[in-house]
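Residues per chain, in single letters:
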Amino acid sequence: MHGTLEILDNTRQGPEARPTRSEAEEAVRTLIRWAGEAPGREGLADTPARVVRAYEEWFEGYDQDPAEILKRTFEEVGGYDEMVVLRDIPFQSCCEHHMAAIEGVAHVGYLPDDRVVGISKLARVVEAYARRLQVQERLTAQIADTIAEVLKPRGVGVIIQASHACMTTRGVRKHGVGMVTIRMLGAFRNDAATRHEFLTAVGGLHGSN
Ligand SMILES: [Zn+2]
């Protein structure tokens, strides 16, 4: 299906590809020296260990399987056949070009066919893909495609509004610039009324960022 390659291209490397913790800490010392500092300075002594632990949190998405998150909890829909929308899901990600922070919100909607999923699971899917090295376009596509593949709804819409530290703190240094990416599938793509209903439910494309 459309998007499958994008889904596959930032999954976890095999265990043999991972450095040891002390190798990772040594790499942080190298970057500290590159920044112009002495890694031996007292205030920096524990920094490499902290950074490596922070990486475990920032990139914990590699240990999560978003399809499994959705599969575990689907239920019979009990006659509900209207759109389900979860808006303003906050997320933090990391741009794969600069390894700088991406911060934003995701709006996720779908039109159930015969299965619904607890809304917290939609937020967890966003999180599982956000906590990897990303580009915003792929993040948006992965969330939508996974929901489409697992829940097989009549349609899916995902909108992400985010700001990229690589753009606000370096390069062009444009503070306050937001990027919007959209992936619409099924009825969200083909049916103008459904698309409009979704855009209205999320409050349009301005606001949060
Ligand atoms: Zn970047």
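Rules of the game
- Residues numbered from 1 in each chain as written.
- Predicted model: local features only at pLDDT ≥ 70, side-chain atom pairs only at ≥ 80, totals over all residues.
- Heavy atoms only, no water.
- Patch = residues over 30% accessible without salt bridge, like charges linked within 9 Å, V, L, I, M, F, W, Y side chains within 5 Å.
- Areas by Shrake-Rupley, 256 points an atom, 1.4 Å probe, with all protein chains shown as cover.
- Salt bridge = Lys/Arg side-chain N within 4 Å of Asp/Glu carboxyl O.
- Helix = DSSP H or I, 4+ residues; strand = E, 2+ residues; numbered from the N terminus.
- Axes fitted to C-alpha atoms, helices over the stretch in contact; angles between N-to-C directions.
- Parallel < 35°, antiparallel > 145°, perpendicular 65-115°, else oblique.
- Left-handed = near helix turned anticlockwise from the far one by under 90°.
- Contact = heavy atoms within 4.5 Å.
- Pairing = 2+ DSSP bridges.
- Core = buried A, V, L, I, M, F, W, Y, C linked by side-chain atoms within 4.5 Å.
- Buried < 20%, exposed > 50% of the residue type's maximum accessible area, 1.4 Å probe, protein only.
- Donors = N, O, S within 2.8 Å, 3.2 Å for Na, K, Ca; no water.
- 1 Å grid on protein atoms, 1.4 Å probe; cavity = no way out; pocket = protein on both sides within 12 Å on 5 of 7 lines; lining within 4 Å.
- Points joined across faces, edges and corners; volume = space filled by probe spheres on them.
- Nonpolar A, V, L, I, M, F, W, Y, C, P; charged D, E, K, R; others polar.
- Phe/Tyr/Trp six-rings, centres within 6.5 Å; stacked < 30°, edge-to-face > 60°.

Looking now at a nonpolar patch on the surface. Side chains of Tyr55, Trp58 and Met99 sit close together on the surface and give an oily, nonpolar patch of about 330 Å² of accessible area. Assignment of secondary structure puts Met99 in the loop between β2 (84-95) and β3 (101-111).

Before going further, it helps to spend a moment on the packing of helix α5 (residues 119-130) against helix α6 (residues 136-151). Here α5 crosses α6 at 140°, and the two axes come no closer than 10 Å. As judged from the angle between their axes, α5 and α6 are oblique. The interaxial crossing formed by α5 with α6 has right-handed handedness. Facing α5, whose interface residues are Leu122, Val125, Val126, Tyr129 and Ala130, α6 presents Leu139, Gln142, Ile143, Thr146 and Ile147.

Taking strand neighbours across the sheet as the criterion, the five strands line up as β5-β2-β3-β6-β7 in an open arrangement whose pairing is mixed. Of all strands in the sheet, those bounded by a partner on one side alone are β5 (133-134) and β7 (179-186). Strands β2, β3 and β5 of the sheet are contacted by α5, whose axis makes an angle of about 20° with β2.

Here the focus is the nonpolar core. Among the nonpolar cores identified, the biggest contains 34 residues, and Phe91, Tyr110, Ile143 and Ile147 are the most heavily contacted of them. Where this core is concerned, the elements lending two or more residues are α4 (66-71), β2, β3, α5, α6, β6 (155-164) and α7 (165-168). Residue contributions to this core peak at seven residues, all from α6. Excluding its chain neighbours within four sequence positions, the residues that come into contact with Phe91 are Ile102, Glu103, Gly104, Val105, Ala106, Val126, Ala130, Leu139, Ile160 and Ala162. Ranked by size, the runner-up nonpolar core spans eight residues in total, among them Ile159, Met184, Phe188 and Phe198.

Right, let's talk about the coordination of the zinc ion for a bit. Coordination of the zinc ion by the protein comes from Cys95 (SG), His98 (ND1) and Cys166 (SG), over a distance range of 2.2 to 2.3 Å. Look at His98 and you get partly exposed, because its relative accessible area is 40%.

Here the focus is the layout of surface pockets. There is about 880 Å³ of room inside the largest pocket. Lining the largest pocket are 25 residues, with Arg12, Arg18, Pro19, Tyr55 and Phe59 positioned closest to its centre. Contributions of two or more residues to the lining of the largest pocket are made by α2 (21-35) and α3 (47-58). Here the lining of the largest pocket takes six residues from α2, the largest share from any one element. Classifying every residue of the lining of the largest pocket by side-chain character gives 13 nonpolar, four polar and eight charged. Counted as a void, the second largest pocket has a volume near 190 Å³. In terms of lining residues, the second largest pocket is bounded by Tyr55, Trp58, Phe59, Gln92, Ser93, Cys94, Met99, Ala100, Ala101, Ala130 and Arg131. At the level of elements, α3 and β2 are the ones that each hand at least two residues to the lining of the second largest pocket. Looking at the lining of the second largest pocket element by element, the count peaks at three residues for β2.

Attention now moves to unusual backbone geometry. We note that Met99 has phi near 55°; this positive angle belongs to a residue other than glycine. For Met99, a relative accessible area of 44% translates into the label partly exposed. Phi is positive for Lys152, close to 45°, though the residue is something other than glycine. Summarising the element assignment, Lys152 is placed in the loop between α6 and β6.

Time to look at the packing of aromatic side chains. In total, this model carries four aromatic pairs according to the counting rule given. Judged by centre distance (5.2 Å) and plane angle (70°), the rings of Phe188 and Phe198 are edge-to-face. One end of the pair, Phe188, is in helix α8 (residues 187-190); the other, Phe198, is in helix α9 (residues 192-201), and ten residues separate them in sequence. Look at Phe198 and you get buried, because its relative accessible area is 0%. Among the aromatic residues, those joined into a ring-pair cluster are Tyr55, Trp58, Phe59 and Tyr62.

All quantities given are derived from atomic positions and should not be read as evidence of function.
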